[in-house]
Amino acid sequence: VGESLLNTNEFPGEDAIIAEAEQKCVPAFEEFVGAGYQDSALDYWPMSPTEGSWSDGDREVLCLVYDPSAETVGSLAGAAR
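A brief structural summary. (Residues numbered from 1 in each chain as written. Predicted model: local features only at pLDDT ≥ 70, side-chain atom pairs only at ≥ 80, totals over all residues. Heavy atoms only, no water.)

Counted by the stated rule, this structure contains one disulfide. Each disulfide pairs two cysteine sulfurs, and for Cys25 the partner residue is Cys63, the sulfurs being separated by 1.9 Å. One disulfide, between Cys25 and Cys63, carries an S-S torsion of -75° and so falls in the left-handed class. Here the residue Cys25 occupies a position in helix α1 (residues 14–33), and Cys63 occupies one in strand β2 (residues 62–66), the gap between them amounting to 38 residues. (Disulfide = S-S within 2.5 Å. Helix = DSSP H or I, 4+ residues; strand = E, 2+ residues; numbered from the N terminus.)

The next subject is the nonpolar core. Counting residues in hydrophobic clusters, the biggest one holds eight residues: Ala21, Cys25, Phe29, Val33, Ala35, Leu42, Tyr44 and Leu76. Ranked by residues supplied to this core, first place goes to α1 with four residues. Ignoring sequence-local partners within four residues, the contact set of Cys25 consists of Tyr44 and Cys63. (Core = buried A, V, L, I, M, F, W, Y, C linked by side-chain atoms within 4.5 Å. Buried < 20%, exposed > 50% of the residue type's maximum accessible area, 1.4 Å probe, protein only. Contact = heavy atoms within 4.5 Å.)

Positive phi is not limited to glycine here, since Ala80 has a value of about 50°. A relative accessible area of 49% places Ala80 in the partly exposed class.

Let's shift gears to the side chain of Asp67. You can see Asp67 is positioned in the segment after β2. Judged by its relative accessible area of 9%, Asp67 falls in the buried class. Polar contacts involving the side chain of Asp67 include one to the side chain of Ser69, which spans 2.8 Å. A polar contact of 2.8 Å, which involves the side chain of Asp67, links it to the side chain of Arg81. Excluding residues that lie within four positions of it along the chain, Asp67 makes contacts with Ala41, Leu42, Thr72, Leu76 and Arg81. (Polar contact = N/O pair within 3.5 Å; in protein donor to acceptor, adjacent residues only side chain to side chain.)

What follows is the structure, given as structure tokens:
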């Protein structure tokens, strides 16, 4: 697959970061939630570096799971839905 874009010095662009986040978040989603992303009522949002934070050394992408149809409190780990 090659080297992660997150290991480069130059900001690769938002589209490239989002594409890489999808490659990481979708498999992690199933492990965390207990249901496949395509079959789940839940969704994820990748919180990723901006061009400004990139220049400060930010390379972390966080995969945040949420329910688009309802407000939730607490973790969705193991929700299996």
